[in-house]
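# Summary of the model geometry
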Amino acid sequence: MSIFKASIDKYAQAQAYVAGGVASSLRASMKPVPIYVESAQGAKLRDIDGNEYIDYMLAYGPLILGHAHGGMTASIAAAMSHGYTYGLQHDGEIKLAKQLVEILPCADKVAFSGSGTEAVMLALRLARAHTGKRKIVRFHGHYHGWSDAIYTSFPGAGIVQTGDTLGSGSVLPGTMGQSYNSLEDMILLPWNDPDALETTLRSHADEIAAVISEPIMCNSGCLMPKLGYLEQMRQLTEELGIVLIFDEVITGFRLGLGGAHGKFGIKPDLVTIGKALGGGIAISAVAGNSQLMKLIDDGKVSHLGTLNGNCIATSAALATIQELAKDHGAVFEIMEELFVTLADGIRSSLAKHGMKGIVNQVGPVLHMMFIDADTVNEFDTFNTRDAGLYARFAELMLGEGVLLRMNGLWYISTAHTQADINQTLRVVDRVLGQLNE
């Protein structure tokens, strides 16, 4: 009998009532079945079949403090005792906004929203309103949410990508039902290509409102920017009157309280944050310089959302930041040390079993892939990985008590311990041995 029998039964029930059987399409990719959770605490998660897992998926990134963190739970409960949301203002909005302005180098003011997708939508709107221009430069392999205006197909993701564009029709949507017209203003470029960036920006500066980029390509391989590339991006956009947006929905509060732009010492005009900001409660924000944010102050740009800045979300974010800031952010160093140990151990197991693979690790984020390459620093190389083999690896890891995303991206939380890392490496070694039989 399957160790996932109860989850299999629940998934069958869900398919009769929930479109796609799951609340987010991404979750349907889990093999052998999307598992159903009974409870979670710290770095561990228990499913309804009684199986326990060390969790490196962490709800796709938000759970930087782990599951059911005591201090955060207490903060949320205290906020809830006064009401869930008001549709009016409360002191938590001011406290959180002040906190973010103090810790994010680029922030003069912030605007709250509910998800990373919403934050990106607002950032693009601000950029267009500020510049009076329409086109947006984005990059292959980056993810900026699923709104029609930014969601494009990934090469190798099932929809053929026909190339970069300055005209309509050749940037393909990421899903059926998405408006082709919504992508007419999109310019899609290869990332980490300084020549392509400069040529495009200089040739079309009068059309381009913004460049939006992950400062580290976490969604596709944990690829680092080339030396000087982000600096070039900042210099060119500043020179040409183009808004620079860093999408830090992943890197914000994972690489440090100041995010990747704080770590690299580069100030974008706007930054989008989410995921780890709320520690598992839905909240996101746009932070930026006063000139752009004044467009909201003056009512020239509408910023709407029924649940924006609600007291539950702001209390969760304040509690998360408080925990991360303790002892001058010592937890970031601990998480990184644990992930360095994990990454090195995975590399050793790959070599032991004679399997070709790469582990790219940046702070408390890593990407593992099966690939015949010495390094993976470019998106084109990343696309040659054996995604099917990794999916099988993740499925076997699940059966051995380790929960992973099916795409190779791993997260760690402050709740993970050296014992968790040691156990994980033992499982990795066993599973690689099975794959190599």
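Residues numbered from 1 in each chain as written. Predicted model: local features only at pLDDT ≥ 70, side-chain atom pairs only at ≥ 80, totals over all residues. Heavy atoms only, no water.

Turning our attention to the packing of aromatic side chains. Enumeration according to the criterion identifies eight aromatic pairs in this entry. When the ring of Tyr56 is compared with that of Trp410, the centres are 5.2 Å apart and the planes differ by 45°; the resulting orientation is tilted. One end of the pair, Tyr56, is in the loop between strand E3 (52-55) and helix H2 (70-80); the other, Trp410, is in strand E14 (residues 409-411), with 354 residues separating them in the sequence. Relative accessible area serves as the criterion here: at 0%, Tyr56 is assigned to the buried category. The ring of Phe382 has Arg385 sitting right over it, with the charged end atom 3.9 Å from the ring centre. (Phe/Tyr/Trp six-rings, centres within 6.5 Å; stacked < 30°, edge-to-face > 60°. Helix = DSSP H or I, 4+ residues; strand = E, 2+ residues; numbered from the N terminus. Buried < 20%, exposed > 50% of the residue type's maximum accessible area, 1.4 Å probe, protein only. Lys NZ or Arg CZ within 6 Å of the ring centre and 35° of its normal.)

The N-to-C vectors of H2 and helix H9 (residues 311-352) enclose an angle of 150°; their axes lie 9 Å apart at closest approach. In terms of their interaxial angle, H2 and H9 are classed as roughly antiparallel. Here the hand of the crossing between H2 and H9 comes out right-handed. Mapping the contact onto sequence places Met72, Ser75, Ile76, Ala79 and Met80 in H2 and Cys311, Ile312, Ser315, Ala316, Ala319 and Thr320 in H9. Counted by class, the contact of H2 with H9 contains eight nonpolar, three polar and no charged residues. (Axes fitted to C-alpha atoms, helices over the stretch in contact; angles between N-to-C directions. Parallel < 35°, antiparallel > 145°, perpendicular 65-115°, else oblique. Left-handed = near helix turned anticlockwise from the far one by under 90°. Contact = heavy atoms within 4.5 Å. Nonpolar A, V, L, I, M, F, W, Y, C, P; charged D, E, K, R; others polar.)

Estimated volume of the second largest pocket: approximately 250 Å³. Around the second largest pocket sit 17 residues that line it, and Leu88, Gln89, Glu93, Asn308 and Gly309 are the ones nearest its centre. The element contributing the most residues to the lining of the second largest pocket is helix H3 (residues 91-103), with three residues. Taken together, the residues of the lining of the second largest pocket sort by class into six nonpolar, 10 polar and one charged. (1 Å grid on protein atoms, 1.4 Å probe; cavity = no way out; pocket = protein on both sides within 12 Å on 5 of 7 lines; lining within 4 Å. Points joined across faces, edges and corners; volume = space filled by probe spheres on them.)

Taking strand neighbours across the sheet as the criterion, the three strands line up as E11-E12-E14 in an open arrangement whose pairing is antiparallel. With partners counted over all chains shown, the strands left at the sheet margins are strand E11 (357-362) and E14, one partner each. When strand polarity is set aside, the average angle formed by the axes of neighbouring strands in this sheet is 20°. Two strands pair when backbone bridges link them, and strand E12 (residues 365-370) and E14 are joined in this way by three bridges, in the antiparallel orientation. Looking across to E14, one finds that Val365 is bridged to Tyr411. Sheet strands touched by helix H11 (residues 387-399): E12 and E14. Its angle to E12, the strand with the most contacts, is close to 115°. (Pairing = 2+ DSSP bridges.)

Looking now at H2. Of all the positions in H2, only Met72, Ile76 and Ala79 are classed as buried. The buried residues of H2 occupy an angular sector of 60° when projected down its axis, which confines them to one face. Check the buried side of H2 and you find it contacts H9. (Arc of directions from axis to C-beta.)

Of the strand pairs in this sheet, strand E2 (residues 44-47) and E3 are connected by three bridges, and their pairing is antiparallel. Each residue of the ladder has a partner; that of Leu45, found in E3, is Tyr53. The antiparallel hairpin formed by E2 and E3 contains four residues in its connecting segment, where Gly50 sits at a positive phi of about 90°. Here two bridges tie E3 to strand E13 (residues 402-403), and the two strands are oriented parallel to one another. Along E13, the bridge assignment pairs Asp55 with Leu403.

A word on the confidence of the model for the protein. Should pLDDT be low for a region, the predicted coordinates there are not to be read in detail. For the protein, mean pLDDT is 93; residues scoring 70 or higher make up 96% of the total. Overall, residues 155-169 carries pLDDT values under 50, and its contacts beyond four positions in sequence, including any with other chains, amount to 37 contacts. (pLDDT = per-residue confidence, 0-100.)

Our next topic: the sheet that holds strand E4 (residues 109-113). Spatially, seven strands are ordered E4-E10-E9-E8-E7-E5-E6 in an open sheet, and the strand pairing comes out mixed. For this open sheet the edge positions go to E4 and strand E6 (186-189), each flanked by a neighbour on one side alone. Averaged over all pairs of adjacent strands, the angle between their axes in this sheet comes to 20°, without regard to strand direction. The pairing of strand E9 (residues 270-273) with strand E10 (residues 284-288) spans four bridges and is antiparallel. Each residue of the ladder has a partner; that of Ile273, found in E10, is Ala285.

The subject of this paragraph is the environment of Leu45. Tracing the backbone shows Leu45 in strand E2. In this structure, the C-alpha to C-alpha distance between Leu45 and Gly66, residues 21 residues apart in sequence, is 9.9 Å.

This brings us to the pairing of E12. Burial runs high along E12: six of the six residues are buried. Both faces of E12 are covered, namely the face carrying Val365, His367 and Met369 and the face carrying Leu366, Met368 and Phe370. By the bridge criterion, six bridges tie E11 to E12 in an arrangement that is antiparallel. Within E12, the position partnered with Gly357 by the bridge is Phe370. Here E11 hands over to E12 after two residues, with Gly363 in that stretch at a positive phi of 55°.

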